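Examining the three-dimensional arrangement
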Amino acid sequence: MSVEAEPVPLPAPPLRHRRWIPVAALAVVLAAVTSGGYLTADALGEVQGGAVAVNASVRVTPFPGWELAGRSSDPDRIRLTSGSTSLDVAALPFDGTDVDLLRQYVDNILEPDAEQFRVSEEVEPVRLASGLTGSRIAYVGLFGDVQAPIEGEVTAVVSPSGQGVIFDGWAPAGQLQFEIDEIDAMIDRAEIA
Amino acid sequence: MSERRGGRFATEPQFVRMPRNWGRKTSLFQWRQPAFWLYAVIVVVTAVYTISQQQLFQKLSPSGWALSWGLLILYGLPLFLAIYLLDLYEREPMSLVLGALVWGGVAATVLAGIANEGWGLVVAHLGGPVFAAEWTAALTAPFVEETVKVAGVILIYLIARDEMDDMMDGFVYGAMVGLGFTLVEDVFYFIAIFGGSPGGVLAGFYVRVVSSGFYGHVLYTGVAGMGVAYFVSRRGEVAFGRRLAVALGLFGAAVAAHFLWNSPFLNFFPSSVNTFGDWVRIPFAAAVKGAPLLLFVVVMVRLARRRERMWLETALRSEVDTPWLSEIELRVLLDPSVRRRSRREMRARAGEAAERLLKRLQKEQVNLAMIRTRVASDDDPALVRQRALCGSLRDALLSMPGAALAATRREG
């Protein structure tokens, strides 16, 4: 004679997997916030890929995401932008060294237009992919009516033929660090006759 | 005796719904929680960037970098303690508090930096470079930074759900995330924006800490954290829709305050600082943008503290007039300033040892409330042990010369 035990209902399966749901949702939100801007910007329109001529002797190839935002003359100058970051490239005949050109640009162009202007103490020598050498400094200051501080990096190059080129990459404070590699790469690949 | 107390506790009206896990301590290191691993992976990956950035700053300006951190520790340490001690009765576990600080300083700063740049592209696409130069900070940072910071509060909750009992807990974790964020951001500003020289660092400290230190990320994320805490701690008490509305409303308030700070609206900051008057104007300009949220937070924190006080009273009401707690002692416990005064008086009357003993007794009486809230029965061993501990501490205090008078005054 046997006594059949009444079947005990099994406990509900562990809901451990449910712990993943809010975590996964949070991860998706963080991924969307960090990458969403780039994806949206791409969707809004891509930039042309070819080289941009500053004048007959100087050409710069914008990285993807950079676009030609302006052009002026006397001296010949273009502005490339990527979001809030800009790279101004100016080309002019110059009889002097790249350090002289750099100093003149800082003294005559940047400093008169700036408040609380500061320049890095050391001038960094640079060498472009073409073999040309130049000089580079970093700066920070308040410019014009723009309330946010601007930080920038100026590179001056003078070719043996006397073609002086100024590359001024700038952005609102805090933003330049995210674009500086692309700016340096565009400068490195610039074609200067 | 326990039955009598149990009966009183059961029959007295419950005006405040007690949190079930008030007083429970959980560590950050919850190896089985997926949220912990998401937290850990993000912090480790972003720490690589944060460390390299700090190394760069240190290389660029060793003295400025050291001065920056020295000044920020002077500012951050008291603020850390003030936030931590805001929670009068149930201090949050230190590992979780530090976890929140690290999220703000490491993960949130790096994620926000990447995201701000991306959304800055969108602003520039839509508004052009001139518009972007003036408005990017207002249109990107408030949304991006508040999101990545409040994500840290949510992660802390998902790691240790029992720890977020009330809005005050959310404020503490949120403010800690904000403090971590602002410390690392300030170092960046001192070096990259204010030049990194000792003079520049001091100028930056004046502008960003002395003039504006009461406003900013600590408040923003504190408010957003209160929203998270409200949403998760009022389950079963408040309808889902209302909890969601309050949480989103507080997050929106944080975003709006941040937007106001970054935007050109109500901007009374001097365009350049040349005279003494310009320097004096900076804190006033900061107050115009920051004071409204500060006032709002003060009100919210006071309300949250009042609620915690009601919890403590409800939890200890059934323990009153026993060998381990008197009515007067309960009243003293409920008011932090009276608690401090009682210890000062004890010190004057019976010396430092008596003051230390009274402090320990008060702490254990608060712990008694914590245990009371999480045990089911009135004769639970943990509760019985805690009562015995409080009773013995009280006996020891009463036996000290000079201490008896204060401790027995209630009897008269």
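Residues numbered from 1 in each chain as written. Chains lettered and ligands numbered in written order. Predicted model: local features only at pLDDT ≥ 70, side-chain atom pairs only at ≥ 80, totals over all residues. Heavy atoms only, no water.

Things to note about the overall build of chain B
Along the backbone of chain B there are 14 helices and zero strands. In chain B, the succession of helices and strands from N to C terminus is α-α-α-α-α-α-α-α-α-α-α-α-α-α. The principal-axis extents of the C-alpha atoms in chain B amount to approximately 75 × 50 × 40 Å. Taking all 412 residues of chain B together, 55% fall into the buried category. Considering only contacts in chain B between residues 6 or more positions apart, those separated by 24 or more positions represent 77%. Of the roughly 17900 Å² of accessible surface on chain B, a fraction of 65% belongs to carbon and sulfur atoms. Computing the positive centroid from 44 side-chain charges and the negative centroid from 34, chain B places the two 2 Å apart. (Helix = DSSP H or I, 4+ residues; strand = E, 2+ residues; numbered from the N terminus. Buried < 20%, exposed > 50% of the residue type's maximum accessible area, 1.4 Å probe, protein only. Contact = heavy atoms within 4.5 Å. Areas by Shrake-Rupley, 256 points an atom, 1.4 Å probe, with all protein chains shown as cover. Lys, Arg positive; Asp, Glu negative; His and termini not counted. Charge placed at Lys NZ, Arg CZ, Asp CG, Glu CD.)

A look at the interface of chain B and chain A
In this complex, chain B contributes 47 residues to the contact, which on the side of chain A involves 44 residues. Counting each side, the surface lost to burial between chain B and chain A is near 3700 Å², with a carbon and sulfur contribution of 68%. The tally of links between chain B and chain A comes to five residue pairs in polar contact (both at pLDDT 80 or more). Elements supplying a minimum of two residues to the side of chain B that touches chain A: α2 (34-60), α4 (94-159) and α5 (167-193) of chain B. No other element matches α4 of chain B, which puts 27 residues into the side of chain B that touches chain A. A per-class count over the side of chain B that touches chain A returns 29 nonpolar, 14 polar and four charged. (Buried area = accessible area lost by both parts, 1.4 Å probe. Polar contact = N/O pair within 3.5 Å; in protein donor to acceptor, adjacent residues only side chain to side chain. Nonpolar A, V, L, I, M, F, W, Y, C, P; charged D, E, K, R; others polar.)

Description of unusual backbone geometry
All names here are of chain B. Of note, the phi angle at Leu-266 is positive, near 50°, even though the residue is not glycine. Looking at the element boundaries, Leu-266 is found in the loop between α8 (240-262) and α9 (276-316). Despite not being glycine, Asp-321 has its phi angle at roughly 60°, a positive value. One can find Asp-321 in the loop between α9 and α10 (327-334). Using a relative accessible area of 54% as the deciding quantity, one classes Asp-321 as exposed.

With respect to the pairing of strand β7 (residues 124-127) of chain A
Regular strands show a simple pattern: their side chains alternate between the two faces of the sheet. In the sheet, β7 of chain A pairs with strand β8 (residues 133-143) of chain A via four bridges, with the strands oriented antiparallel. When the sheet's bridge partners are listed, Glu-124 of chain A is paired in β8 of chain A with Arg-136 of chain A. (Pairing = 2+ DSSP bridges.)

Concerning the packing of α9 of chain B against helix α12 (residues 352-374) of chain B
All names here are of chain B. Put simply, α9 and α12 touch, their axes get as near as 9 Å, and they point 80° apart. Between α9 and α12, the angle is such that the two are roughly perpendicular. Contacts between α9 and α12 pair Leu-312, Ala-315 and Leu-316 from the former with Gln-365, Val-366, Leu-368, Ala-369, Arg-372 and Thr-373 from the latter. Its residues placed into classes, the contact of α9 with α12 shows six nonpolar, two polar and one charged. (Axes fitted to C-alpha atoms, helices over the stretch in contact; angles between N-to-C directions. Parallel < 35°, antiparallel > 145°, perpendicular 65-115°, else oblique.)

Let's talk about the nonpolar core
Among the nonpolar cores identified, the biggest contains 86 residues, and Trp-103, Met-164, Tyr-173, Met-176 and Met-226 of chain B are the most heavily contacted of them. Look past the residues within four positions of Trp-103 of chain B in its chain and what remains in contact with it is Leu-30 of chain A together with Tyr-39, Ile-42, Val-43, Ala-108, Leu-111, Val-148, Lys-149, Ala-151, Gly-152, Leu-155 and Val-177 of chain B. Counting residues in each nonpolar core, the second largest holds 28 residues, with Trp-324, Leu-334, Ala-350 and Met-370 of chain B among its members. (Core = buried A, V, L, I, M, F, W, Y, C linked by side-chain atoms within 4.5 Å.)

A word on helix α6 (residues 198-210) of chain B
Among all positions in α6 of chain B, only Gly-200, Val-201, Ala-203, Gly-204, Phe-205, Val-207 and Val-209 of chain B are buried. Packing partners of the buried residues in α6 of chain B comprise β6 (114-119) of chain A together with α3 (62-86), α5 and α9 of chain B.

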